[in-house]
Amino acid sequence: MTAAFVAPEIAWAQLTPVLLVLGAGVIGVLVEAFAPQRVRRPVQLALSLAATAAAIVAVAALWSGVRETGGTVVLDGSIILDGPALVLQGMLALLGLVAFLVIADRTESGEDAFAPSASAVPGSDYEEVARRKGLEQTEVYPLVLFALGGMMIFPAAGDLLTLFVALEVLSLPLYLLSGMARRRRLLSQEASMKYFLLGAFASAFFLFGAALLYGFAGSVRLADIAVATTTVVGMDGLLLAGLVLVLVGLLFKVGAVPFHSWTPDVYQGAPTPITGFMAACTKLAAFGAMLRIVYVVLPPLEWDLMPLLLGVTVITMVVGTVVAIVQTDIKRMLAYSSIAHAGFILVGVVALTQSGISSVLFYLLAYGLATIGAFAIVSLVREVNAGPGGAVVAEATHLSQWSGLGQRHPVLAGAFTLFLLSFAGIPLTAGFAGKFAVFAAAIDGGLAWLVVVGVVASAAAVFFYVRLIVLMFFTDPIGTAGESTTVVRSEGLTTVAIGLGVLGTIALGVFPSPLLDVLADAAVFIP
Amino acid sequence: MILPVLLGVLVVAVAATPLLDRGLGRNAGWVLAGVFGTLAAVVGAQAPAVLGRGETLEFFVPWMPTLDVGLHLRLDGTSWLFAMLVLGVGALVMAYSTRYFPPGRRTGFYGLMTAFAVAMLGLVLADDVVVMFVFWELTTICSFLLIGLSGESANRPAVRTFILTGLGGLALLAAVVMLMVNAGTSRLSTILAETDWQASPGWSVAVALLVILAAFTKSAQFPFHYWLPDAMAASTPVSTYLHAATMVKAGIYLLMRFTPVFGDFPLWNVLLIGTGLVTAFIGALFALQRTDLKELLAYSTVSQLGLLVAIIGVGTPYALAAAGVHTLAHALFKASLFMLMGVVDTRNGTRDIRELPGLWRAMPATATLMTIGALSMAGIPPLLGFVSKEAILDAMVGLPGEPWVGLLVALGAVAASTLTFAYSFRMVYGAFGGSPGTAKHGEAGPSYLLAPAVTALSGLVLAFALPVLDPLVDRLVLDTTGTAHESHLALWHGFNLPLLLSAIVIGLGAVLAWQRVAVDRVLDRQLVPVQGTQVFEAAYRGVIAAGVRIGRLTASNAPAPYLAAILLTLGGTAIAVTLGRPVVPAQPEPTTRPTDWLLVALILVAVTAVVITRSRLAAVALVGVVGFAVALWFLLLGGFDLALTQLLVEILTVVVAVLVLRRLPRAFHPTPRARRLGAGVVAVVMGVAAGLAAFALTGRREMSPASEYFLRNAEEETGGTNVVNTILVDFRALDTLGELVVLGVTGLIIIGVLESARLNHGRLPEKVAGFAQNVVFSARENSLIMRTVARGLGPVLTLLSLYLLLRGHSAPGGGFIAALVGGAGFALAYLAAPAAARARIRLPYPRLIAAGVAIAGGSGILGYLEGSFLRPLHVDIPLPGDGYYHFTTALIFDVGVYLAVIGVLLTALNRLGTEDDIHAEEPLGPGVESTDEDDPDSEDETNDEIDEGTAAEPDLASPKGGRR
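What you see is a predicted model; the values in this text were computed from it and never measured.

1. What to know about the overall build of chain A
At step 1: Broken down by element type, chain A carries 21 helices and 5 strands.
At step 2: By principal-axis analysis of the C-alpha atoms, chain A measures approximately 75 × 55 × 40 Å.
At step 3: For chain A, the residues scored as buried account for 66% of the 527 residues in total.
At step 4: A separation threshold of at least 6 residues defines the contact pool for chain A, and within that pool the share at least 24 residues apart is 80%.
At step 5: Only carbon and sulfur atoms are counted for the fraction: they give 68% of the accessible area of chain A, which is about 16,900 Å².

Below you can see the structure in the form of structure tokens.
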């Protein structure tokens, strides 16, 4: 082509965390292709854990640099490694590590959470053969790594195209993973299909919005768009429509009402370890990206777009809470609760203050830890087939099956209670510190009425968490449920993950200050 | 340093309860009582400093400096009083519990009770609003768990209590956040001292209301009073400690703390006095109605708390002094009454006064102690209850403002107190009076009666040692009103108005007690139409029902409604925006031509027909019509390349779609009218929105810098004049290569999915098979014209495609379009074949794909000769005669594109079209032979080779081979 072409300078060092994770994903694919079946799982697991751990180390190593310089613009503005981006990458790697422990775990009888052959037609002979031969779908590991890599790029993306690519990179593996549950295969495939269909629409909205924004600003870089908001006149239609559509795409990913409808179905149908991963990490990544857009591009348009965001915030909190109250399936209940949490986090996002950023980041970590832990516990509580010596089968997700769990498995139920209390925002748990920080930021931003709505919604939310606690500790098991629900013994990785979640939830609840300090330092976006 | 030690020791005690319990069983209470007692003594030892010298002990460690929250603890007079109550009554209740419960382990109970003590002590010691809120919530949680301990029947009361007090806690949280944001600190004493409460009256009122709401829910004030009797489902020690002596006093404590700032707000005074007196009166009235001793005591507590709230509302130093004394007096007599009630209950197996015999003789010690407690409650001299009641009446009469207001308030208190006298009598008489009988288990032992005796008798002793209380009261008044006060508590103040009022109380009360039969008859009915618990349950059910209703909106299994919600939101927004008439800039030039309307009409008709038709085939064809119309439009606008591509894609889409359609029923599933209507609305809204957006948002910019660059420099830099093609193979060759790989992967996926899911092996739907005998479906007869045409057209199309490929760089054409043309040729050949088996195009399509990608990539490597991947090389090859042929490696790249696209198209045609083979091996009827000699399954598994097994003679093909 032309001799004038100049390759951009690439600051490879700043990309290390992302490259580690994505690179491990690529190696994982090669392992699938060439390694003998026996060794695949241990190799994949070691690779995944090493990659996420190394990513955490890399983030830590980059940290001081970012603190001094405020951040680096990589790849000519496609990726921006500033404080929030790096913090989110670190959190994502950490939560990814914890999620991997849950994903990798197997029951004593060697069953993991995934279908032996995900493409087999449910109930077919082929599936039965695959099950009997003890096949394992170890592709799960590279898929999760790719999703995690996309999530890590997502909050760091500096232009709309990178953002879109990251969105797809994180979404596509998740669509696939949702359909891979070992039990209740049809439900799982249905979830996958719905997630994909609706996700495709959301991506289309996002892309359409990005195109309109390009039409407005003549550039897809967020910084340029931000400049154009104040210089270009007479094309507000393009700008507003574009921003609304881009935000819709992101709101879909975080599961805000009215773009939430996929959440309960997908959370219910997906393999529980994946649900935990998805609920925690997707939300983290999507809110990271949303923070960047809202704080970098939105301010001059506060009067135009705030009503929309405020409306979404309010109905997300209210609908999430109210509908969660009536759920009878534990995974659906947690799904609606996650919708409500999206609303609470949005309160921090719309605060549009410096403390808004750090409070949202803190909330996300607190929520993520409790979410992965809670779903990890759900994955251990199983139904037992009727009859003597009944086999342990699918997860016991109906609430009534959880009654009396606290009497028989006090430690596990205690951990679950802790996570629920953190969701509810009860003091001395991480959830409280997060909620407090978010609400304080919103009041700082002059949104006291929103906080009132938030507080009322949290009050109602406390109800269904407490109902579950009552159920576990004070209600006797119904009928002969004493035999029909059990806690399956696993190889122990899940226990480690739950332990990490408990430790994190308590530590962040009792001593939130160190992290809040760090976040307050880091919470500056560079354009 | 003493303050954190207090909390620390208690926390250690909580941790130690399981061990204690394992070793000592229910007697673990003695150890805990010892711990509580020691700590009480430690706090008591601070009295000279705190009360005598007026010092305030403080302690501080930072907790969340970022949020400016720290562990500020402080011990002043008010805190001292409440801390003493928490620890002192706590010690006694622990001792009492050792005998109340039957022998056995009580881990949960002791652990939670001690944890509650930590929370309550923390609450009264906290000098940080956030820390105070945290402890406030912890008391709520402990209360919830302690009530829940009593078993299944206590579940609902526990939940009701929790939710109500939790709501109050949230009100407190709101107040706390407002205060913090305003003051910039979370330190309570600073906030109270430095906030400018006059600056924004609305804000101050809001804070005051929130604080009042929190206090009223916690201290069971009307209309939230019902939770306290409800909470009596808990065991007696819990009721004694939490719901009589300490937790319900947290609201009182909160009101006292905020008296310095709100004490002279008229709203504060009116609300507190009004609500307090109403609560005091109805509480006493309900108490008089009850026959269950515990319920009676619960309502009595409600009533007494009302009195306390009212007197705090008065707000004068005298009033706060009276409030302090009465808090102490109430804690003492109510604790002893509750504990004694528990004794009666456990010794007789009932606590209903209708079932209890006259226990005067059987349980003399219990009776004596209970009488002392009841006398104190009724306000009879010489007991502490009398002193505090006198003080209350005195302070009420002295209410600032019009004298008659004070008198009126005092009369309200008199009415409540009269009823108090009556139910006190009713309680003692009900339990011990009447015809003598025996207790089921006899009199309680001394260790059981120790704790109630201490509380009951201290009420008597303190009445004779009133000067001891003076410093406490003075300090408390100083803390809560900021004024120095010298109180002189005494049993006898001479003849004055309060004494007269007291006399009236005793006189009227005595009359009520004397006429108790008549009183019972009057009260033996439902006094109010609504009950608090019922209102609560109704609200609760309402919320659940609302949730179900909202939940049902989204509880669909079909994704369509989900999508509808999103689409309607967006479309609605867009239409709303349009209705706001935004300014749309004019188009730079006129854009509409008459022919456009023709096309619009054509598209509209076709789209409408698509929506209406039930036949899948017709729908595909109609969508094709829309596609052709759009292609025509492109052509009219001069986009020849675009039009060509669109046209070819449409053709091939229809062909492939038809292949797929053969597996599906001929008609769409019938849909209900409502569903169609709904979908129609959504579609129209979205269509209008999209149309408006397209009109408003496009075509109003100049060409982008990128397009301009390509148009200007394409020929000069690449030697090609077809800009579209130069972008594909020169400027953006890497992108194209990527897309090529994706395309190739798609081809492989078609094979993989159809194979692994065995979709190829399913039966065709019956509806199609049902037409099998119809001559129209006979492929052989039917395809005659097609075959004839195809024979001639096939080679032409192939040649045309090669021509388009070669000239693509400079004129419309190029690898992609050429491949589409070639693909159309193959499709024609495929469709023309009488049987699917014969139609197989014997080309190794996966290898074609692979070869295409490899050639494209390989041509890229050639670029390294000039320095970088995919850089096109240019060579001018001299032609025979004159001139040169301009050759560029971009052409090789384009060949790669051509092969890959052809490969994918062939994959689709072959793989989607093969199922007839598979069925052909099952004879359909007599005389019909299968065309396949090999097992098609095994052949599919060796998939990528030319299929030899189907190289059958045309004549062998069954006349009905393609009919399904």
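Having seen it, we continue.
2. Considering the overall build of chain B
At step 1: Across its full length, chain B holds 40 helices and 4 strands.
At step 2: Within chain B, the proportion of its 964 residues that are buried is 52%.
At step 3: Sequence separation of 24 or more characterises 78% of the internal contacts of chain B that already satisfy a separation of 6 or more.
At step 4: Just so you have it, chain B exposes about 41,200 Å², and 68% of that area is on carbon and sulfur atoms.

3. Notes on a nonpolar patch on the surface
Residues and elements named next belong to chain B.
At step 1: A grouping of Leu407, Leu411, Leu497, Leu500, Ile504 and Leu508 is seen on the molecular surface, where their side chains present a nonpolar patch of about 480 Å² in accessible area.
At step 2: Mapped by element, the contributors of at least two residues to the nonpolar patch are helix H18 (403-432) and helix H21 (497-514).
At step 3: For the nonpolar patch, the leading source of residues is H21, giving 4 residues.
At step 4: Secondary-structure assignment places Leu497 in helix H21.

4. Here's the deal with the UniProt feature "domain: NADH:quinone oxidoreductase/Mrp antiporter transmembrane" (unreviewed entry) in chain B
At step 1: In the numbering adopted here, UniProt assigns the feature "domain: NADH:quinone oxidoreductase/Mrp antiporter transmembrane" (unreviewed entry) to residues 126-398 of chain B.
At step 2: The span residues 126-398 of chain B carries 77% helix and 0% strand; its end-to-end C-alpha distance comes to 33 Å.

5. Examining empty space enclosed by the protein
Residues and elements named next belong to chain A.
At step 1: Per the stated rule, a full pass over the model turns up 10 cavities of 30 Å³ or more.
At step 2: Put simply, the largest cavity is a space of about 100 Å³.
At step 3: Along the wall of the largest cavity there are 15 residues; nearest its centre are Val102, Asp105, Ser379, Arg382 and Thr494.
At step 4: In the lining of the largest cavity, the residues fall into 5 nonpolar, 4 polar and 6 charged.

6. Observations concerning the packing of helix H12 (residues 302-325) of chain A against helix H18 (residues 448-474) of chain A
Residue and element names in this part refer to chain A.
At step 1: At a minimum axis distance of 9 Å, the contact between H12 and H18 shows a crossing angle of 20°. The angle between H12 and H18 falls in the class roughly parallel. The chirality of how H12 crosses H18 is left-handed. Facing Leu310, Thr313, Val314, Met317, Val318, Thr321, Ala324 and Ile325 of H12, the residues of H18 in contact are Trp449, Leu450, Val453, Gly454, Ala457, Ala460, Ala461, Phe463, Phe464 and Arg467.

7. Digging into the interface of chain B and chain A
At step 1: Facing the 56 residues of chain B at the interface are 59 residues of chain A.
At step 2: Surface buried jointly by chain B and chain A totals about 5,100 Å² across both partners, of which 77% is contributed by carbon and sulfur atoms.
At step 3: The largest share of the area that chain B buries against chain A comes from Trp63(B), Tyr562(B) and Leu697(B), three residues that together contribute 12% of it.
At step 4: Our enumeration of links across chain B and chain A arrives at 0 salt bridges.
At step 5: If you tally residues by element for the side of chain B that touches chain A, the top one is helix H7 (residues 155-183) of chain B, at 10 residues.
At step 6: Of the residues contributing to the side of chain B that touches chain A, the split by class is 40 nonpolar, 11 polar and 5 charged.

8. Description of the sheet that holds strand S3 (residues 381-384) of chain A
Residues and elements named next belong to chain A.
At step 1: In space, the 3 strands of this open sheet follow the order S4-S3-S5, with antiparallel pairing throughout. Both edges of this open sheet fall to strand S4 (392-395) and strand S5 (485-487), since each of them pairs with a single strand only. Put simply, the sheet's adjacent strands are angled 45° from each other on average, direction ignored.
At step 2: Pairing of S3 with S4, which is carried by 2 bridges, proceeds in the antiparallel orientation. Its bridge partner being in S4, Arg382 is matched across the sheet by Glu395.

9. Points about the pairing of strand S1 (residues 71-74) of chain A
Residue and element names in this part refer to chain A.
At step 1: In the sheet, S1 pairs with strand S2 (residues 79-82) via 4 bridges, with the strands oriented antiparallel. What sits directly across from Gly71, in S2, is Asp82.
At step 2: Connecting the antiparallel pair S1 and S2 is a turn made up of 4 residues, with Leu75 showing a positive phi of about 55°.

10. A word on helix H5 (residues 140-153) of chain A
At step 1: Over its 14 residues, H5(A) extends 20 Å from the first C-alpha to the last, a length consistent with the 20 Å expected when each residue adds 1.5 Å.
At step 2: For H5(A), the tally of buried residues reaches 13 of 14 residues, placing the bulk of the element in the interior.

11. Quick notes on the confidence of the model for chain B
All names here are of chain B.
At step 1: Of all residues in chain B, 89% have pLDDT values of 70 or greater, and the mean over the chain is 82.
At step 2: Predicted confidence for residues 762-770 stays below pLDDT 50, and this span has 17 contacts to residues more than four positions away or in other chains.
At step 3: Taken together, the stretch residues 916-964 has pLDDT below 50 and engages in 78 contacts with residues farther than four places along the chain or on a different chain.

12. A word on the pairing of strand S2 (residues 69-75) of chain B
All names here are of chain B.
At step 1: Among the 7 residues of S2, 6 are classified as buried, and the element is accordingly described as predominantly covered.
At step 2: Two strands pair when backbone bridges link them, and strand S1 (residues 57-64) and S2 are joined in this way by 7 bridges, in the antiparallel orientation. Its bridge partner being in S2, Val61 is matched across the sheet by Leu71.

13. Some thoughts on the packing of helix H16 (residues 410-424) of chain A against helix H20 (residues 493-510) of chain A
Residues and elements named next belong to chain A.
At step 1: Axis separation between H16 and H20 bottoms out at 10 Å; the angle between their running directions is 45°. By the angle class used here, H16 and H20 are oblique. As for how H16 packs across H20, the hand of that crossing is left-handed. Here H16 contributes Leu412, Ala415, Leu418, Phe419 and Ser422 to the contact with H20, which in turn contributes Ile498, Gly501, Val502, Thr505 and Ile506.
At step 2: When its residues are assigned to classes, the contact of H16 with H20 shows 7 nonpolar, 3 polar and no charged.

So, how was this worked out
Residues numbered from 1 in each chain as written. Chains lettered and ligands numbered in written order. Predicted model: local features only at pLDDT ≥ 70, side-chain atom pairs only at ≥ 80, totals over all residues. Heavy atoms only, no water. Helix = DSSP H or I, 4+ residues; strand = E, 2+ residues; numbered from the N terminus. Buried < 20%, exposed > 50% of the residue type's maximum accessible area, 1.4 Å probe, protein only. Contact = heavy atoms within 4.5 Å. Areas by Shrake-Rupley, 256 points an atom, 1.4 Å probe, with all protein chains shown as cover. Patch = residues over 30% accessible without salt bridge, like charges linked within 9 Å, V, L, I, M, F, W, Y side chains within 5 Å. Salt bridge = Lys/Arg side-chain N within 4 Å of Asp/Glu carboxyl O. UniProt positions renumbered as here; feature names shortened; annotations may be inferred. 1 Å grid on protein atoms, 1.4 Å probe; cavity = no way out; pocket = protein on both sides within 12 Å on 5 of 7 lines; lining within 4 Å. Points joined across faces, edges and corners; volume = space filled by probe spheres on them. Nonpolar A, V, L, I, M, F, W, Y, C, P; charged D, E, K, R; others polar. Axes fitted to C-alpha atoms, helices over the stretch in contact; angles between N-to-C directions. Parallel < 35°, antiparallel > 145°, perpendicular 65-115°, else oblique. Left-handed = near helix turned anticlockwise from the far one by under 90°. Buried area = accessible area lost by both parts, 1.4 Å probe. Pairing = 2+ DSSP bridges. Expected span 1.5 Å × (residues − 1). pLDDT = per-residue confidence, 0-100.

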